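Listed below are the residues making up each chain.
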Amino acid sequence: MSTQIHIAHNKAQLVEDLAEVLARDAHDAIQERGVWTFALSGGSTPKALYQRLASPDWSGRFDWERIVLFFGDDRAVGPDDVNSNFKMAREALGETIAARIVPIIGEAIDPALAASNYEKRLREVGERVDSNLLGLGPDGHTASLFPHSPQLDETERRVVATPVSTLEPFVRRVTMTFTEINASRKTYFLVTGEDKAGRVQEIINGPRDVHNLPATGIAPTDGELIWFLDAGAASKLSR
Ligand code: 6PG
């Protein structure tokens, strides 16, 4: 596994840099395998990226008909719920591109069944996700892999349901496990803001400590890991 760090002076530039990398991923994957699978992350940070990908500057760079969008995780809430990652992504990407999303639908059926169904959908498209976008929570979680949660030790299933989370929103989630994420060809953390700088430093330069800092469990088996950081999020990285 190779870990790289890409730092941009502000979020707007960081988003442009990541959009360029994703456009290249999409082009290469479609050329080699006829499809690009991209797992979206939730939360608030990636909204600006999704808006750019849907903008006239970028949307033409992607052959959307040959792209399948997944979620690394979503909350088990309805698609119009303010806490839904699907709602956030649909609003940011627009209806046309959002039609390429395979929603998790964790609210309509038991989240554990939704997780099992989602894993099947993932495998229908390929044995591994091409590009996997992750965020970083203030407690060091990523996707919906939270500190001290049983999902951290899951090695067989590749998508699982969680109990009610320990961070807002206090709802059940459905999340990819480390097994799924670490099988990805390319994994990108997108982290901005000085408030996350301490966690970024701990996770990149500290020891693997999955139960306290789940993001330290992200270690692609034979893929590439790149941290996309703005100056604030990178401000405590030791040289
Ligand atoms: C979720 C996300 C989660 C998110 C981090 C960062 O469903 O909440 O998948 O892992 O990426 O919590 O969230 P922000 O971007 O809002 O800081």
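From a predicted model like this one, the values you see are computed outputs, not experimental measurements.

Residues Arg 173 and Thr 175 line one face of strand S7 (residues 173-176) and the alternating positions Val 174 and Met 176 line the opposite face, and both faces are buried. Pairing between strand S4 (residues 73-75) and S7: three bridges, direction antiparallel. Bridge assignment links Asp 74 to a residue of S7, and that residue is Val 174. Sheet topology note: the strand S6 (residues 159-161)/S7 ladder contains three bridges and is antiparallel. Bridge assignment links Ala 161 to a residue of S7, and that residue is Val 174.

A word on the nonpolar core. Grouped together as the largest cluster of nonpolar side chains are 71 residues, with contacts concentrated most on Leu 49 and Phe 62. Counting residues per element, this core draws most heavily on helix H1 (residues 11-33), which supplies 10 residues. In this structure, Phe 62 is in contact with Ala 19, Leu 22, Ala 23, Ala 26, Trp 36, Leu 53 and Ile 67, ignoring residues within four places of it in sequence.

Glancing now at the site of the ligand. Surveying the vicinity of the ligand reveals 15 residues, the closest of which are Ser 44, Thr 45, Asp 73, Ala 143 and Lys 196. Within the side chain of Thr 45, one N or O atom sits 2.6 Å away from an oxygen atom of the ligand. At a threshold of 2 Å from the grid points, most atoms of the ligand map onto the largest pocket. Considering only residue class, the shell around the ligand consists of two nonpolar, nine polar and four charged.

All right, on to the side chain of Glu 224 then. With respect to the helices, strands and loops of the structure, Glu 224 is situated in strand S9 (residues 224-230). One polar contact links Glu 224 to Gln 4, side chain to side chain, over a distance of 2.6 Å. Within polar-contact distance, the side chain of Glu 224 engages the side chain of Lys 186 at 2.9 Å.

Analysis parameters
- Residues numbered from 1 in each chain as written.
- Predicted model: local features only at pLDDT ≥ 70, side-chain atom pairs only at ≥ 80, totals over all residues.
- Heavy atoms only, no water.
- Buried < 20%, exposed > 50% of the residue type's maximum accessible area, 1.4 Å probe, protein only.
- Helix = DSSP H or I, 4+ residues; strand = E, 2+ residues; numbered from the N terminus.
- Pairing = 2+ DSSP bridges.
- Core = buried A, V, L, I, M, F, W, Y, C linked by side-chain atoms within 4.5 Å.
- Contact = heavy atoms within 4.5 Å.
- Near = heavy atom within 4 Å.
- Polar contact = N/O pair within 3.5 Å; in protein donor to acceptor, adjacent residues only side chain to side chain.
- 1 Å grid on protein atoms, 1.4 Å probe; cavity = no way out; pocket = protein on both sides within 12 Å on 5 of 7 lines; lining within 4 Å.
- Sits in = over half its atoms within 2 Å of the grid points.
- Nonpolar A, V, L, I, M, F, W, Y, C, P; charged D, E, K, R; others polar.

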